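Each chain is listed here by its residues.
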Amino acid sequence: MSEQNSTPEQQQDENHIIAERRAKLAEWRATGKAYPNDFERENITGKIIELYDDKSTEELAANPVEVKVAGRIMLKRVMGKASFITISDVGGRIQIYVARDKVGEETYAAFKRWDIGDIVGVVGPLFRTKTNELTVEANDIRLLSKSLRPLPEKFHGLTDQEQKYRMRHLDLIMNEQSRFTFMARSRIVQSIRNHMCAHGFLEVETPMMHPIPGGASARPFKTHHNALDMELYLRIAPELYLKKLVVGGFEKVFELNRNFRNEGMSPRHNPEFTMMEFYEAYSEYNKLMDFTEGLLRHSAREALGAETFEYQGRTLDLSKPFDRLTMVEAIMKYRPQYTLEQLTDADWLRQKLAAMKVELKPGMGLGTLQLLMFEETTEADLWDPTFIVDYPAEISPLARSSNDNADITERFELFIVGREIANGFSELNDPEDQAERFLAQAKAKDAGDEEAMYYDADFIRALEYGLPPTGGCGIGIDRLVMLLTDSANIRDVILFPQMRPE
């Protein structure tokens, strides 16, 4: 519990407990044995339970199994000459039986003064209690680290969601679900990496500080390099660097990367977030959609063992082919009161959006108006996996235009449970076309659009050496983990999310 969220009485109680624990630490220091680092743990609780939880009392007695475990005291029951504690480590929890006759009078007396939260090392055989619980009988037990502050449940538990984000260390100690979520996140990321490598992609690293922020329409964070005396930007996307690698002959590349966007925060937005971007030469957006669909199914199987699962109390099925609709088709499917004639009429869209209190800027074309209409009326309803395809060129400055219609691009965004999960397209590889689009973006920036792109002459020069036909896609890892761990807020899947000062 933080000082800001506790009452004066609770704070006084906590200060008293801390003072008592500091006194115990002083006693421990006086022995010359405080904070040892010579205890070598040999066993993890999860593995012990996996190997021996099916062994009977008689089997454990006939074939003794001695273990050497360490962990944090989470429960403690002192009962005269013998006591029980429960310790927690990365693999789970296990009970420890501590008897005075086994560990000795001096050790037992010291043990009784240890506190919940302290970290201990234990050596002894496994046995079963009368209630049939697998337990370690301590032949030796040592204090390894002192917890000077009481764990949250000493008072009212760590139940305040904001405090869970601010004090993730306590959240992980106290909440099994949080530990599961972040261990699952690690497995999901590793499964993605394995999937990409198995399909011939080369993992690469590109800069996180850029002289020009490119690859997406977003407001960047600025910094300054003293030695070079130049302004730099934290990357908003690695896209332009990855496409330079394709120019250089690395035909299938991917990067699991951190991006930074100086924008608002919400249950689905954090200013620092994780993406996986991949690029493949001689590929195009239809092939990318197929690959992305397969990758998400693979991730679900690896994380959950199934392609159909519950998210926030509602079934989500990734096993069926993902829907593929244009923005206009999606609006008409989910909002049948709107007609094709209306949705292709810029004046009607302006009037309708204005009535919805949507902020409109001068010069917005039909494509931008359709996007705003889609976002306002339909995006949140796309629960089942849906590719929205063929985005207008005016809002897709890096995507290749369609052969059939120069006003639209070979671009898709994937939506699941009403939020964007992926964005991909056939890459624009015509350097002159790209230069013209950068110029249009630069004019928009000069006119006040802070999210418009800069003109990147270095990238144009790279394209002039020849970029083969290429497809690229970015997948939001945080949002994918939200799906696969049934998490409602992006901060639930980021270990240390950005927070306002307390």
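Everything numeric here is computed off the predicted structure, so don't read it as measured data.

Basis of the calculations
- Chains are numbered independently. Their residues run from 1 in the order of the written sequence.
- Only residues with pLDDT of at least 70 are given local features in this predicted model, and only at 80 or more are side-chain atom pairs given and counted; all residues enter the totals for whole chains, interfaces and linings.
- Side-chain numbers come from the whole structure's heavy atoms, not from hydrogens or water.
- Each helix is a run of H or I in the DSSP string that is no shorter than four residues. Each strand is a run of E no shorter than two, and both are numbered from the N terminus.
- Partly exposed residues are those whose accessible area sits between 20% and 50% of the maximum for their type, while under 20% is buried and over 50% is exposed, using a 1.4 Å probe and protein chains only.
- The criterion used for residue contact is that any of the two residues' heavy atoms lie within 4.5 Å.
- In these tables, accessible area is a Shrake-Rupley quantity obtained with a 1.4 Å probe, and a residue counts as shielded only by the protein chains included in the view.
- Charge counting follows a simple rule: Lys and Arg are positive, Asp and Glu are negative, and His as well as the terminal groups are ignored.
- The atom standing in for a charge is NZ when the residue is Lys, CZ when it is Arg, CG when it is Asp and CD when it is Glu.
- Here, expected helix span is obtained from the residue count minus one, scaled by 1.5 Å.
- By the convention used here, strands pair only if DSSP detects at least 2 bridges between them.
- Between rings of Phe, Tyr and Trp, where Trp is taken as its six-membered ring, a pair exists when centres lie within 6.5 Å; planes separated by under 30 degrees are stacked, by over 60 edge-to-face, and by other angles tilted.
- Here, a charge over a ring means that NZ of Lys or CZ of Arg falls within 6 Å of the ring centre while also lying within 35 degrees of the ring normal.
- Domain start and stop points were drawn from an automatic or database domain assignment.
- UniProt positions are given in the numbering used here, feature names are shortened, and annotations may be inferred rather than shown by experiment.
- Axis definition: a line fitted to C-alpha atoms, limited for helices to the stretch in contact. Angles are taken between N-to-C directions and run from 0 to 180 degrees.
- Roughly parallel refers to an angle under 35 degrees, roughly antiparallel to one over 145, roughly perpendicular to one between 65 and 115, and oblique to any angle outside these ranges.
- Here a crossing is called left-handed whenever its near helix is offset anticlockwise from the far helix by less than a right angle, and right-handed whenever the offset is clockwise.
- Lys, Arg, Asp and Glu make up the charged group, whereas Ala, Val, Leu, Ile, Met, Phe, Trp, Tyr, Cys and Pro make up the nonpolar group; the residues left over, Gly among them, are polar.
- In plain words, nonpolar cores are sets of buried Ala, Val, Leu, Ile, Met, Phe, Trp, Tyr and Cys residues tied together by side-chain atoms within 4.5 Å.
- Any carboxyl oxygen of Asp or Glu that lies within 4 Å of a side-chain nitrogen of Lys or Arg is treated as forming a salt bridge with it.

S.K.: Quick question: what am I supposed to make of the overall build of the chain here?
M.R.: If you tally the helices and strands in the chain, you get 17 helices and 19 strands. For the chain, the spread of C-alpha atoms along the principal axes amounts to about 85 × 50 × 50 Å. Residue burial in the chain is summarised as follows: out of 502 residues, 49% are buried. In the chain, 66% of the contacts between residues at least 6 apart in sequence involve partners at least 24 apart. Taken as a whole, the chain presents about 24900 Å² of accessible surface, with 49% of it coming from carbon and sulfur. Of the charged side chains in the chain, 62 are positive and 81 negative, and the gap between their average positions amounts to 7 Å.

S.K.: Would you take a moment to explain helix 14 (residues 366-377) for this structure?
M.R.: Every α-helix winds through 3.6 residues per turn, so residues three or four apart in the chain are directed the same way. Relative to the 16 Å expected for twelve residues at 1.5 Å per residue, helix 14 spans 16 Å between its end C-alpha atoms, a close match to the ideal helical length. With nine of twelve residues buried, helix 14 is to be regarded as a mostly interior element. Looking at helix 14, one finds that the buried residues are Gly367, Thr368, Leu369, Gln370, Leu371, Leu372, Met373, Phe374 and Thr377.

S.K.: Can you walk me through the pairing of strand 12 (residues 272-281) in this structure?
M.R.: Look at any regular strand and the pattern is simple: side chains alternate between the two faces of the sheet. Where burial is concerned, most of strand 12 is hidden: nine out of the ten residues are buried. Inspection of the sheet shows strand 11 (residues 252-260) paired to strand 12 by nine bridges, in the antiparallel sense. Residue pairing for strand 12: phenylalanine 260 is matched across the bridge by glutamate 272.

S.K.: Explanation requested: the packing of aromatic side chains in the structure shown.
M.R.: Working definition: an aromatic ring pair is given by the centre-to-centre distance plus the angle between the planes. Summed over the entire model, instances satisfying the criterion amount to 16 aromatic pairs. On the basis of an interplanar angle of 85 degrees and a centroid distance of 5.3 Å, the ring pair of phenylalanine 387 and phenylalanine 412 is categorised as edge-to-face. A residue pair is termed long-range when its members are at least 10 positions apart, and phenylalanine 387 in strand 16 (residues 386-389) and phenylalanine 412 in strand 17 (residues 411-416) qualify at 25 residues. Of the two residues examined, phenylalanine 387 and phenylalanine 412, each falls in the buried class. Among the aromatic residues, those joined into a cluster by ring pairs are Phe84, Tyr97 and Phe127. In this structure, lysine 76 packs its charged tip against the face of phenylalanine 111, placed 5.0 Å from the ring centre. Here lysine 244 stacks its cationic end above the ring of tyrosine 241, 4.9 Å away from the centre of that ring.

S.K.: Sorry if this is basic, but what is going on with the environment of arginine 268 here?
M.R.: Note on placement: arginine 268 falls in the loop between strand 11 and strand 12. Each C-alpha atom of the pair arginine 268 and arginine 491 lies 8.1 Å from the other, and the pair is 223 residues apart in sequence. The contacts of arginine 268, once residues within four sequence positions are left out, are Glu379, Gly418, Arg419, Arg479 and Ile490.

S.K.: Hey, could you run me through the domain arrangement of the chain in this one?
M.R.: For the chain, the assigned domains read domain 1 (8-151) and domain 2 (173-322 + 384-492). Of note, the centres of domain 1 and domain 2, computed from C-alpha atoms alone, are 47 Å apart.

S.K.: I would appreciate a short explanation of the UniProt feature "domain: Aminoacyl-transfer RNA synthetases class-II family profile" (unreviewed entry) in the chain in the present structure.
M.R.: Per the UniProt annotation, the sites labelled "domain: Aminoacyl-transfer RNA synthetases class-II family profile" (unreviewed entry) are residues 182-501. Summarising residues 182-501: 35% helix, 22% strand, and an end-to-end C-alpha distance of 24 Å.

S.K.: What am I meant to see in the packing of helix 8 (residues 176-198) against helix 17 (residues 477-484) here?
M.R.: Two packed helices can be described by the angle between their axes and the distance between those axes. Direction vectors running N to C along helix 8 and helix 17 enclose 120 degrees, while the axes themselves pass 10 Å from each other. The pairing of helix 8 with helix 17 is recorded here as oblique in orientation. In this structure, helix 8 crosses over helix 17, and the sense of that crossing is right-handed. Touching Arg185, Ile188, Val189 and Ile192 of helix 8 are Ile477, Asp478, Leu480, Val481 and Leu484, all from helix 17. Classifying every residue of the contact of helix 8 with helix 17 by side-chain character gives seven nonpolar, no polar and two charged.

S.K.: Help me understand the nonpolar core in this model?
M.R.: The tendency in soluble globular proteins is for nonpolar side chains to be buried side by side. In terms of nonpolar packing, the biggest core is built from 42 residues, with Met196, Met276, Phe278, Ile416 and Ile475 touching the most fellow members. Ranked by residues supplied to this core, first place goes to helix 10 (residues 285-304) with eight residues. Filtering out sequence-adjacent residues up to four positions away, isoleucine 475 remains in contact with Thr274, Met275, Met276, Phe278, Thr292, Leu295, Leu296, Ile421 and Ala422. One finds Ile85, Ile94, Val98 and Val122 within the second-largest nonpolar core, a separate group that totals 26 residues.

S.K.: In this structure, what is going on with the sheet that holds strand 17? I would like to understand it.
M.R.: Strand pairing within a sheet occurs via backbone hydrogen bonds; the two strands may be parallel or antiparallel. Strand order in the open sheet formed by eight strands is 7-11-12-19-18-17-16-15, with mixed pairing between adjacent strands. Bordering the open sheet on either side are strand 7 (202-203) and strand 15 (323-326), each of which pairs with just one other strand. With four bridges connecting them, strand 16 and strand 17 associate as antiparallel partners. Residue pairing in the sheet places valine 389 in a bridge with phenylalanine 412 of strand 17. With respect to the sheet, helix 8 is in contact with strand 7, strand 11 and strand 12, its orientation differing from that of strand 11 by roughly 150 degrees. Against the sheet, helix 9 (residues 239-247) contacts strand 11, strand 12, strand 18 (419-426) and strand 19 (470-476), and its axis sits at roughly 25 degrees relative to strand 12.

S.K.: So what exactly am I meant to see when it comes to helix 17 here?
M.R.: Along helix 17, eight of the eight residues are buried, which leaves the element largely enclosed by surrounding structure. Burial in helix 17 covers these residues: Ile477, Asp478, Arg479, Leu480, Val481, Met482, Leu483 and Leu484. Residue aspartate 486 follows helix 17 closely and has a positive phi angle near 55 degrees.

S.K.: Teacher, can you tell me more about the pattern of salt bridges here?
M.R.: A pair can form between side chains of opposite charge whenever their charged atoms are brought close. Summed over the entire model, instances satisfying the criterion amount to 33 salt bridges. The partner of aspartate 115 in a salt bridge is arginine 21, with the nearest N and O atoms 3.7 Å apart. With aspartate 115 in the loop between helix 5 (105-112) and strand 4 (119-128) and arginine 21 in helix 1 (residues 8-30), the pair connects residues that are 94 residues apart, well separated along the chain. Take aspartate 115: its relative accessible area is 12%, and that puts it in the buried class. Residue arginine 21 is classed as buried on the basis of its relative accessible area, which comes to 7%.

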